[in-house]
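Structure assessment
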Amino acid sequence: MKKIYYREWGIESPRYWGILAVLGVFLAVGGLAALYMEHHGHWVTGMNNEIVWGVPHVFAIFLIVAASGALNIAAFGSVFGKKIHKSLGRLSAMLAMSLLVGGLLVLVLDLGQPTRLIVAMTEYNFKSIFAWNIFLYVGFLVIVAVYLFTMMERKASKYYPTAGLVAFVWRLILTTGTGSIFGFIVARQGYDAAIMAPMFIIMSFAYGMAIYLLMLMFTFKLDGRPLGEKLLGRLKNLLGIFAAAVLYFVLVYHLTNLYGTENHEYEAFILRDGGIYTTLFWVGWILLGLLVPMGIVFHPALGKTHGGIIAASLLVILGGFVAMYVIVIGGQAFPMAMFPDKVIIESGFYDGVNGQPLHYAPSIWEFLLGVGGVAVSLAATLVGVRVLKLLPVSLEDEIVDPYHS
Amino acid sequence: MSGKVDQRRREFVSVAGLAAAASVVAPGVFLQATAQAEPRSAPVSSKTRYGMLIDTTKCVDGCSDCVSGCEKENGLDLLKMPEGADPEEWDRQRPRWIRTVKVKDRLTGTVTSLPMMCQHCEFPPCQDVCPTGASFRRVDGIVMVDRHTCIGCRYCMMACPYKARSFIHEDIDEKLTIAPRGKGCVESCNLCVHRRDNGGTTTACQDACKHGAILFGDLNDPNSEIAQELRRQNNTELRADLKLNTGVRYRGI
Ligand code: SF4
Ligand code: SF4
Ligand code: SF4
């Protein structure tokens, strides 16, 4: 393997600032939407006392899960000694931090009292998985920053393998923690499953890889840097394998649920009778988000084209958002079994009368806030590659040689 | 240890309550507010466990006096629909501490009406998940939200098996000093905690119920009416399978 040189992203200034300006518009609009919701209160959103976590949580959890997944590309380099991944590590770490910041921002701005965040930092309830997550997120940012430093600074390079291992372990714990937010909700049929945490980990692999691939292709293309086809082929194959793994876990999750009698109704809801949630599950998540991209990347011809890889990555990301929507919102829309052997036939508080799903019509503000968070993540990554030496000058196959590991 | 923490919280809450009273009430009324706060009963004690017994056989279909009673007592009736809100959406967003529910048995077809509120779990999931500890259980069994540390994350609402909690979706213009309330926080039935701290022996929903379906009292005091009633006849916990040991019990379902 030849020595790899890294250089700042060198596209012409007007173009660079143009891209940032576009992202800036989304960012500003997202910020205004957050202010609007905060000023008026959550009544301007579609959220209510039944669906208490809405679209902002869908975006936030997706970004957080993808963040830990984006770090895998670096982790494969240092933990599993895959040299090919080492050259990809810097961007991977930068992307991971940016995605996490974007996700956290959305999460915080959706709080009823965001200004009290300091309370959350000082009045810790150590029993709460949510409180642990705050700690995990902050830790992640610090650890990945140190890890990135060990990659970039020769004097620190002897700590690189250790930092990589710590970062990798931390990211596994972090995704477990995120998944456990749902796993701990014993009252809701859709969430009470030990498989939630491992499923989130495998989803993070897929979403992180999809975003990484797009970012790599985008930055290299604009800067005219060579990107080897073999390297790209390896990454897109990984994407396909991760998508297949998600599919496997989703199947296991729903099949094991079907075996537990108390979950039959929830399964029927998601898989058959849930209206919008059923459609989203089958069409959005399984078909468009997993099967089609798998078909593309493993297709002998399509899988070799850049267009194919881009489409597959975009679909996996779309499927990821849909997956979060089905899990977060669908799980709440399914009425809780407050009286397992009775049917609620009237209620003064929308308790899922006659098993009807609970109502949620997301507002535009919630989407704008979420998109603002995505813009933050993208802008932070692009600023990162612009000012730091994160991107290899070339990733030609002769340079990275995928067959040496 | 946990007793200590609860004691601290209780003190904090009452101090905060006084502060809120001082800031909300006009100077003239202030004296009265202090006077009201004075006859506090003995400190909260873990010997007590407050709870309620709901006799669904007495609860009358179509009646919602307990709901109106609670809403008046706790200032929920003062909330106004924000201008420009969609009435249907708003109805899903406005807070309720107690509601009536009508259920039909899947097997027998028996129809039962009953009021539901926070069940004051001994092991409250809402407390376990709350990141800041704002959701807490007093040693006397009352589960409530400390409005000053709640960050409005709504995790407790996700975790409560009885959908007992409400989020305040709008600005609050008017509120009662006994029930402080603010946009962006979560709240729920607190067993009329202000009455406890002032030596009251009933709850507003109990007082409002003309049919005597609601009985409040100290579950731990063998001589209390509620303890005797609980001993006298079978009673059930909602979702007993979750083993939360609720402080609110039902008869006749
Ligand atoms: S009923 Fe719900 S809000 Fe009340 S103590 Fe139990 S978990 Fe908490
Ligand atoms: S909404 Fe408030 S009381 Fe509920 S879990 Fe969050 S901080 Fe705690
Ligand atoms: S006990 Fe008090 S707060 Fe709880 S439902 Fe009854 S009236 Fe409302």
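Everything below is about the structure shown above.
Described in the following lines is the structure provided in the data block. (Residues numbered from 1 in each chain as written. Chains lettered and ligands numbered in written order. Predicted model: local features only at pLDDT ≥ 70, side-chain atom pairs only at ≥ 80, totals over all residues. Heavy atoms only, no water.)

Our focus in this paragraph is the interface of chain B and chain A. Chain B puts 60 residues into the contact, and the matching count from chain A is 59 residues. Roughly 5,200 Å² is buried in total at the junction of chain B and chain A, and carbon and sulfur atoms are behind 55% of that figure. Taken as a group, B:Arg92, B:Met158 and B:Lys163 account for 16% of the area that chain B buries against chain A, more than any other trio of residues on that side. Linking chain B with chain A are 8 salt bridges, by the criterion used here. Summed over the shared surface of chain B and chain A, the number is 44 residue pairs in polar contact (both at pLDDT 80 or more). Every element with two or more residues in the side of chain B that touches chain A is listed here: helix 4 (87–93), strand 2 (98–105), strand 3 (111–117), helix 5 (125–129), helix 6 (155–159) and strand 6 (166–167) of chain B. If one sorts the elements of the side of chain B that touches chain A by residue count, strand 2 of chain B sits on top with 7 residues. Considered class by class, the residues forming the side of chain B that touches chain A number 26 nonpolar, 12 polar and 22 charged. Strand direction decides the pairing type here: strand 2 (residues 342–347) of chain A and strand 2 of chain B, joined by 5 bridges, are antiparallel. Paired with A:Lys342 across the two strands is B:Asp105, which belongs to strand 2 of chain B. (Contact = heavy atoms within 4.5 Å. Buried area = accessible area lost by both parts, 1.4 Å probe. Salt bridge = Lys/Arg side-chain N within 4 Å of Asp/Glu carboxyl O. Polar contact = N/O pair within 3.5 Å; in protein donor to acceptor, adjacent residues only side chain to side chain. Helix = DSSP H or I, 4+ residues; strand = E, 2+ residues; numbered from the N terminus. Nonpolar A, V, L, I, M, F, W, Y, C, P; charged D, E, K, R; others polar. Pairing = 2+ DSSP bridges.)

One pass over the full model with this rule turns up 29 aromatic pairs over all chains. Centroid distance A:Trp9 to A:Tyr16: 6.2 Å. Interplanar angle 80°. Geometry classified as edge-to-face. Of the two residues, A:Trp9 and A:Tyr16, neither departs from the other in class, the shared state being buried. Connected via pairs of aromatic rings, a cluster forms that spans A:Trp53, A:Phe130, A:Phe182, A:Tyr191, A:Phe200 and B:Tyr155. When the ring centre of A:Tyr16 is taken as reference, the NZ or CZ atom of A:Arg386 above it lies at 4.2 Å. Of note, B:Arg196 hangs over the ring of B:Tyr50, and the distance from its end group to the ring centre comes to 5.7 Å. (Phe/Tyr/Trp six-rings, centres within 6.5 Å; stacked < 30°, edge-to-face > 60°. Buried < 20%, exposed > 50% of the residue type's maximum accessible area, 1.4 Å probe, protein only. Lys NZ or Arg CZ within 6 Å of the ring centre and 35° of its normal.)

Contacts to ligand 1 come from B:Cys118, B:Gln119, B:His120, B:Cys121, B:Pro124, B:Pro125, B:Cys126, B:Val143, B:Cys160, B:Pro161, B:Tyr162 and B:Arg165. Grouping the amino acids of the shell around ligand 1 by side-chain chemistry returns 9 nonpolar, 2 polar and 1 charged. (Near = heavy atom within 4 Å.)

Next up on the list: a nonpolar patch on the surface. All names here are of chain A. The grouping of Trp282, Val283, Leu287, Leu288, Leu291, Val292 and Leu318 at the surface amounts to a nonpolar patch, some 540 Å² of accessible area in total. The element contributing the most residues to the nonpolar patch is helix 12 (residues 276–298), with 6 residues. Tracing the chain through its elements places valine 283 in helix 12. Relative accessible area serves as the criterion here: at 39%, valine 283 is assigned to the partly exposed category. (Patch = residues over 30% accessible without salt bridge, like charges linked within 9 Å, V, L, I, M, F, W, Y side chains within 5 Å. Areas by Shrake-Rupley, 256 points an atom, 1.4 Å probe, with all protein chains shown as cover.)

Let us look at the pairing of strand 8 (residues 214–218) of chain B. Residue and element names in this part refer to chain B. For strand 8, a buried count of 5 out of 5 residues is recorded, marking the element as mostly surrounded by other parts of the structure. In this structure, strand 1 (residues 50–55) lies alongside strand 8, joined through 5 bridges in antiparallel fashion. Across the sheet, methionine 52 pairs through a bridge with phenylalanine 216, a residue of strand 8.

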